[in-house]
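Given next are the chains, with one letter for each unit.
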Amino acid sequence: MSESLLEVSDLRVDFRHDGRLVRAVDGLTYSMRPGQTVAVIGESGSGKTVSARAIMGLLPPSAKVTGSIRFDEVEMVGLSEKALRSHRGCGVAMVFQDPTRSLNPTMRIGAQIREAIQTHEKASRGSAQDRALELLELVRLPAARERLEQYPHQLSGGMRQRVMIAIALAASPRLLIADEATTALDVTTQAQIMELLRDLQQRLGMGLIMISHDLGLAASFADDVVVMYAGRAVERAPTQMLFAHVRMPYTRALLDAIPRLENESHAPLAAVPGQPPNLALREPGCPFTPRCPSATDRCREHAPVFEEHEPEHLWACWHPCEDRVRL
Amino acid sequence: MSSASAPLSAPLAARAGRAGRLAGSPTLRFILRRLLAAIPVLFGVTFLSFVVMNSLPGDAAQELLGAQATPSEIHQLEAKLGLDKPFLTRYWDWLHQAVIGHLGHSLSSGQSVASILGSDLPVTFELVGFAFLISLALAVPIALVSARNPNGVADRLSMIFSMAGLSVAPYVLALVLIYVFAVKLGVLPAIGWVPPGQSLWQNIRFLILPAVSIGLGLLCFYTRLLRADLLEQMQGEDYVVTARAKGLRPWRVLTRHALRNSLFGLITVVALNLGTLLGFTVVIEDIFGIPGIGHELLQAIDNRDIPVIEGIVFVFAVIVVLANLAADVLYSVLDPRIRYGQPTE
Amino acid sequence: MANLPSDLVVAGVAPRADEAAADRVAGRWRGRIGVIVPAAMVGFIFLLCFVWPIIGPVPPPTGGNILSSNLPAFSPGHFLGTDPVGNDEWSRLLYGGRASLEIALAVQAIGLVLGGLIGAIAGYLGGWRDATIMRVLDVLIAFPGLVLAVAIAQGLGPSKLHTIWALCFFSVPAAARISRAATLRVREQTFITAARLSGTSFPRMLLGHIAPNILPQLLTYALLGMGIIMILEGALSFVGLGVPPPAPSWGNMIAQGQSTLSAAPRYVFLPSAALFITVVSFNLLGEGLRARWGSQ
């Protein structure tokens, strides 16, 4: 096992959409070690999902990927489709947001898991089925044996997500990406699934990338947090440090938007004002400018550089937030 | 297919039984409701054809006796055949016998309508079945290859050919095929039919050209339909992304995932097609001299042979109604979401 | 367009992401060509069949001289030859096309108006009225139209008009079904409810609000149906209906040519080719329109 599991360097992903060039990811850089949990936080359109797909090698051939993604010392960018296929599911696996639509409704659970197993190793149907059962028990699905023969719609949302996780784990990946894996679930189930993921990760020594818009979730489960905006990483730090010393106005705004028990009742929720930017129009300067309370002309004209300003704490801002006494 | 053969453990079997019974009940009620709704349709169709046939000049008696017959001879025969009774009486007579399965006898030959149907229907079914077989067996692989590379070479070619195939009239195709294969090349027979009992090989030889005539149009139609559905699945469905994330090859994603779901739509269309198909079958049978239901129908109209016509029309209508019903039922039975009912916690 | 290309595109097989800026413009032009070219073909066919015989040197399709029968193609004065009774084939082709097209147009027009109206009324009113109309339509669709056609041929004699009646039997219920489905979809939209609440009268609702919204679909369907109707007209000629000879229609030319298929296949192939080209043109036009309008 190498020291570094994943190293993303200056990742850029461009799409052509409606004749325009859309830069979905613009210079993303972060790394992670085996067994680590990284949370990638952002609004929709921030590029978090596309970057995850890039790591999976799931982008369409029309997407232009530049930069570097080194997984286990192997460069992913520029790999052939064939090589990417052997990588998917086996090196990196992914759990998606909507387990209802992500499972084939006309295929039994057992068959779907077996498929994941048999794609990467030669296994007889019987042994694959046994392994599928093991996986279902691993993800703590009750009545696992019966579930193998059932169809997705016969399970509840939380159970389906467990099945998705079982499928993802089938080929023993070293990195698991959970793309908004709990967003579609109710709060209790959310907590259960997150606990399960953390437990599995520790047991299996996997790396875990959590993609979410929920900073609160990141606070509870992640070692490092990467905040993305408009395709760029805008702040990155170990979790404790990020929450203790928030620097980016955007991250600050996200934090403030989380409803807290301590706030007065009926106090208006502090939402982040404005809309995420149109990625087809690349302006010079910081993309957060229109919505930033601390924005100045300098922000409009020159994009701040994403660099390490304090030990282990990187951000890109001309006017970072000061330390504030936090409740 | 899926792991349908895996032995069910006892608790699962019990649960499936319960679920099956639960699901069976609404399905059964659904079928019953549709069948009941179909009855007025059958009634309407047979009545309509009765009206139509009786508005035609001449009747069976006249046809049987020919142009030389005297009016009194005709009247005699009419009385004997029961053709002198009032219109509604005759319909009622036919109807209340028909609902218990007595379809009467041919006015021209005296043969029982049921036996006429019995000998002609299988012929037509064999022809139509053969046509369906050819069209479906080819449509699936062609659609798969097209969907594998949308807008690729294979796709564009198949779209062009299927558009052409759709635009050819079945009878034109029949005549072209006869000209090429029977007249010029002499490899296949043009007219006639050999029952499969006599010689299966000959039976097939005589059926190839007519089946292709009908089947080509179907093939083109199904190919386009399936391809469109496959593309919709591949481009729009999340489970396809999951499949790709597992590392599956695109071809496997197509065949093991998308195809399953697309076949549903295809099956329902196939069932619905049946009705419209019967019309063209008549012409094809006529051209190729196949002694099926269509041929029988044309003759019966010529002879004003009302019981035969009513019998055939009745069967046609039943087939159309059943086909429509089958389409709906098949869909609900094959889709495991409906078959296995509600989620069990 | 503030959002990323959706997961749908990322899922992988979509060619849409492949189109460059130039492609986007080209795509629109491709859509236009998809309509313009078939429309031009259809227009050309109409010109040939309806206008050219009037202004051009086309001999009459009937009343030919038996002495010049069965002439092969490229004979002097008859570049497609003559039929077994001496009529010029080229002329028969043109006039036959005119007859077939007239029939198809009439049938589709009646279907569109009558069927469209019935379907819209059924779809809009709903309830028992809708159910009754649907029952009646079911009966008509389940009824073997061929029986009716043969019956008409035998009872009333074959003629262009009777052929049109028989074919309307197919086109009206089919159009009604489409119209009803389209109306049901349109009915759910809020502007309909708004109009109803403001007391718009029923005929105005139908004509002013429903009709313009279902018209594109109906028209596309009508165009696609032209091909089927023309093919059906041919089928009717085989069973004794259709245009009565000696007046030509593509349908009866094919049916008649059947008897001389081995000796003189061109009597079948010429009208078949003409029919094929026409049906393809209509089909392409219908598909082209559906592609353009469907994407809105």
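Let's talk about unusual backbone geometry
Inference 1: Look at the link from Pro245(C) to Pro246(C): it is a cis peptide, with omega at 10°.
Inference 2: Its location among the elements puts Pro246(C) in the loop between helix 8 (202–238) and helix 9 (250–257).

Comments concerning the confidence of the model for chain B
Inference 1: Of all residues in chain B, 89% have pLDDT values of 70 or greater, and the mean over the chain is 80.
Inference 2: Segment residues 1–10 of chain B is flagged for pLDDT under 50; beyond a separation of four residues in sequence, or across chains, it makes twelve contacts in the model.

Section: the nonpolar core
Inference 1: Judged by nonpolar contacts, the single largest core of 251 residues is most densely connected at Ile177(A) and Tyr171(B).
Inference 2: Excluding anything up to four places from it in sequence, Ile177(A) contacts Ala52(A), Ile55(A), Met56(A), Val92(A), Met94(A), Ile209(A) and Ile211(A).

Section: the sheet that holds strand 10 (residues 232–238) of chain A
Two modes of strand pairing occur in sheets, parallel and antiparallel, and in both the strands are linked by backbone hydrogen bonds.
Residue and element names in this part refer to chain A.
Inference 1: In space, the eight strands of this open sheet follow the order 6-7-8-3-9-10-12-11, with mixed pairing throughout. Only two strands of the sheet have a single neighbouring strand rather than two, namely strand 6 (92–95) and strand 11 (307–310). Neighbouring strand axes in the sheet, compared pairwise and without regard to direction, differ in orientation by 25° on average.
Inference 2: Sheet analysis places strand 9 (residues 224–229) next to strand 10, joined by six bridges and oriented antiparallel. Within the sheet, the bridge partner assigned to aspartate 224 lies in strand 10 and is proline 238.

Quick word on the packing of helix 5 (residues 113–148) of chain B against helix 8 (residues 200–236) of chain B
Residues and elements named next belong to chain B.
Inference 1: Direction vectors running N to C along helix 5 and helix 8 enclose 35°, while the axes themselves pass 6 Å from each other. In the crossing of helix 5 with helix 8, the sense of the turn from one axis to the other is right-handed.
Inference 2: Looking at side-chain class alone, the contact of helix 5 with helix 8 contains 24 nonpolar, four polar and two charged residues.

Observations regarding the environment of Gly126(C)
Inference 1: One can find Gly126(C) in the loop between helix 3 (89–125) and helix 4 (127–142).
Inference 2: The sequence separation of Gly126(C) and Leu112(C) amounts to 14 residues, and the corresponding C-alpha distance is 20 Å.

Some thoughts on the interface of chain A and chain B
Inference 1: Taken together, the contact pairs 34 residues of chain A with 27 residues of chain B.
Inference 2: Within the residue set of the side of chain A that touches chain B, elements represented by two or more residues are helix 2 (81–87), strand 6, helix 3 (99–102), helix 4 (109–120) and helix 6 (144–148) of chain A.
Inference 3: Take the side of chain A that touches chain B: its biggest share by element is six residues, from helix 4 of chain A.
Inference 4: Among the residues forming the side of chain A that touches chain B, the class breakdown is 14 nonpolar, eleven polar and nine charged.

About the thresholds
Residues numbered from 1 in each chain as written. Chains lettered and ligands numbered in written order. Predicted model: local features only at pLDDT ≥ 70, side-chain atom pairs only at ≥ 80, totals over all residues. Helix = DSSP H or I, 4+ residues; strand = E, 2+ residues; numbered from the N terminus. pLDDT = per-residue confidence, 0-100. Contact = placed C-beta atoms within 7 Å. Core = buried A, V, L, I, M, F, W, Y, C linked by C-beta atoms within 7 Å. Buried ≥ 20, exposed ≤ 12 C-beta atoms within 10 Å, placed from the backbone. Pairing = 2+ DSSP bridges. Axes fitted to C-alpha atoms, helices over the stretch in contact; angles between N-to-C directions. Left-handed = near helix turned anticlockwise from the far one by under 90°. Nonpolar A, V, L, I, M, F, W, Y, C, P; charged D, E, K, R; others polar.

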